[in-house]
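Geometric and topological summary
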Amino acid sequence: MTTVIKNGTVTTHDRSYKADVLIDGGRIIEIGEGLTGDEELDATGCYVMPGGIDPHTHLEMPFMGTYSTDDFDSGTRAALAGGTTMVVDFALPAPDGQGLLDALQMWDNKSGRAHCDYSYHMAVTWWGEQVFDEMKTVIEERGINTFKHFMAYKGALMVNDDEMFSSFKRLGELGGIAMVHAENGDVVAELQAKLMAEGNTGPEAHAYSRPTQVEGEAANRAIMIADMAGVPLYIVHVSCEEAHEAIRRARQQGKRVWGEPLIQHLTLDESEYMNKDWDHAARRVMSPPFRNLKHQESLWAGLQAGSLSVVATDHCAFTTEQKRYGVGDFTKIPNGTGGLEDRMPMLWTHGVETGRLTPEEFVAMTSTNIAKILNCYPRKGAILPGADADIVVWDPQKEKTITAATQVSAIDYNVFEGKTVKGLPRFTLTRGHVAVHDGELRSREGHGEFVKRAGNTPTNKALSKWKDLTAPRPVQRSGIPASGV
Ligand code: URP
Ligand code: ZN
Ligand code: ZN
Ligand code: ZN
């Protein structure tokens, strides 16, 4: 059976034009005028765009004594409802020595429920021979080329600089990409202890314990370590000017470094933590925390100027009940917020509707740029013959007010509650299957497939001078003073 999307404007990362899109067997087979198919979807007045790719989710993740509540079922349904057709989740080995392949098995056991396609990043939560060895298998056999390092969460997921340097060097050899959560975990731990000792136990102290300096310092450190290791670097959830500045500078110097802001940091600010309602503030506890408007403006400017490349969510959703584990001790509030369903409408509303971004830039930031970085373009992130029919038919006139009462996510609140968005999916297609039909969700559990991303491609090469540093150099002197010892 063929499906045709008729009378829309095809919008990709580089251009927009009127055309119909014909789909068969889950793929785009033709783009042109006057096409017909067995099933017709009317896209009059709509943009026909590559489905969104959210490269940063934590579905059913064991974290801070509990599991994030949205799993591969509710999480991917939420994604599709908001126009996202692929998620990339983090497979996390337990830091007490669990192997990478073991952790992937755990993730495979969960991801079978996915309603849309998905892939994984691998986390490196400890360093040793087993991790060194298994990295090769993860890249070459499992098709996962991205490895995340937590520079924060001391005593849990955090890796030290020596572990990070070893891991980065190995990735450089294998053609992988390093990723970091950039916050100085040692400083955060000390500030947390100080705040608690002073009786600052509420959720607002979470923000006090993670000032922008801890993020800027870690971003700079990771960039320099990546440069010495000869590996490209992707910095997740960039929330402030200090980290953005480090990325900007690195890119100007010709280093291959990418920055990923989140829709939450682009649209919500630190005043959320000052809310008198404990639940309100705790529900917004995530790392890094929301910042002030100056930092928000920096992130928007980075997207406009191209120094920041991708907008994600870091979707890691906990219920109010889970957030309350931290009553009396803010360090025990599970870190994370939702956003999968709202990323695209919020970015359209605050980016395209306001004139900050063009529709083509919107496609680049929500889909194409990350497909290229992760090495799944043009199968994903493209409207081209042969590409997967992961498509969102975007109605720029459609409006709604975001509320937990009607969301797909399994948690009991929404950090964007009460915000009105303009720009929503009319249809969302996942490999040709119409998962959102005129706004109604018709997705199928288990439809999602794992997307393998081959390891070694040109974009996986660092642009640093690292070869100069490691190349054999002539010995200048014997090491023993001429006069003898
Ligand atoms: O607070 C956050 N971001 N929770 C999810 C885990 C992480 O750090 O990405
Ligand atoms: Zn993180
Ligand atoms: Zn995360
Ligand atoms: Zn299907």
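Since this is a predicted model, take the numbers as computed values, not measurements.

On to the sheet that holds strand β14 (residues 257-259), then. Within the open sheet, the seven strands sit side by side as β6-β9-β10-β11-β12-β13-β14. Their pairing is parallel. Two strands lie at the open edges of the sheet, namely β6 (52-57) and β14, each paired on one side alone. Strand after strand, the sheet turns through a mean of 25° between neighbouring axes, direction not considered. Across three bridges, the pairing between strand β10 (residues 117-124) and strand β11 (residues 146-150) is parallel. Within β11, the residue paired with A123 across the bridge is K148.

Turning our eyes to something else, we now look at the UniProt feature "modified residue: N6-carboxylysine" (unreviewed entry) in the protein. The UniProt record marks K148 with the feature "modified residue: N6-carboxylysine" (unreviewed entry), using the residue numbering of this structure. By secondary structure assignment, the location of K148 is in strand β11. A relative accessible area of 1% places K148 in the buried class. With near-sequence residues (within four places) excluded, K148 lies in contact with H56, H58, F90, M122, A123, V124, M179, H181 and V236.

Next up on the list: the coordination of the zinc ion (ligand 3). Coordination sphere of the zinc ion (ligand 3), protein contribution only: H56 (NE2), H58 (NE2) and D314 (OD), at 1.9 to 2.2 Å. If you look at the zinc ion (ligand 3), its four donor atoms make angles of 83 to 138° with each other, and the shape they trace is irregular. In this structure, the zinc ion (ligand 3) lies 3.6 Å away from the zinc ion (ligand 2). Judged by its relative accessible area of 0%, H56 is buried. H58 gets classed as buried once you look at its relative accessible area, which sits at 5%.

What follows deals with the UniProt feature "domain: Amidohydrolase-related" (unreviewed entry) in the protein. Annotation from UniProt places "domain: Amidohydrolase-related" (unreviewed entry) at residues 47-421. Secondary structure within residues 47-421 divides into 40% helix and 16% strand; the distance between the first and last C-alpha atoms comes to 16 Å.

This next bit is on the packing of aromatic side chains. One pass over the full model with this rule turns up twelve aromatic pairs. Ring centres 5.8 Å apart and planes at 65° place the aromatic pair F72 and Y118 in the edge-to-face group. Of the two residues, F72 is situated in helix α1 (residues 72-81) and Y118 in strand β10; the sequence distance between them amounts to 46 residues. For F72, a relative accessible area of 0% puts it in the buried group. On the accessibility criterion, Y118 (7% relative accessible area) is buried.

To continue, consider the packing of helix α4 (residues 161-174) against helix α7 (residues 212-229). At a minimum axis distance of 8 Å, the contact between α4 and α7 shows a crossing angle of 45°. Relative to α7, the element α4 lies oblique. Between α4 and α7 lies a crossing whose hand is right-handed. Between α4, through D161, M164, F165, F168, K169 and G172, and α7, the contact on the second element is made entirely by R221, A222, I225, A226, M228 and A229. Of the residues contributing to the contact of α4 with α7, the split by class is eight nonpolar, one polar and three charged.

Rules behind the numbers
Residues numbered from 1 in each chain as written. Chains lettered and ligands numbered in written order. Predicted model: local features only at pLDDT ≥ 70, side-chain atom pairs only at ≥ 80, totals over all residues. Heavy atoms only, no water. Pairing = 2+ DSSP bridges. Helix = DSSP H or I, 4+ residues; strand = E, 2+ residues; numbered from the N terminus. Axes fitted to C-alpha atoms, helices over the stretch in contact; angles between N-to-C directions. UniProt positions renumbered as here; feature names shortened; annotations may be inferred. Buried < 20%, exposed > 50% of the residue type's maximum accessible area, 1.4 Å probe, protein only. Contact = heavy atoms within 4.5 Å. Donors = N, O, S within 2.8 Å, 3.2 Å for Na, K, Ca; no water. Tetrahedral: all angles 85-135°; square planar, octahedral: opposite > 155°, others 65-115°. Phe/Tyr/Trp six-rings, centres within 6.5 Å; stacked < 30°, edge-to-face > 60°. Parallel < 35°, antiparallel > 145°, perpendicular 65-115°, else oblique. Left-handed = near helix turned anticlockwise from the far one by under 90°. Nonpolar A, V, L, I, M, F, W, Y, C, P; charged D, E, K, R; others polar.

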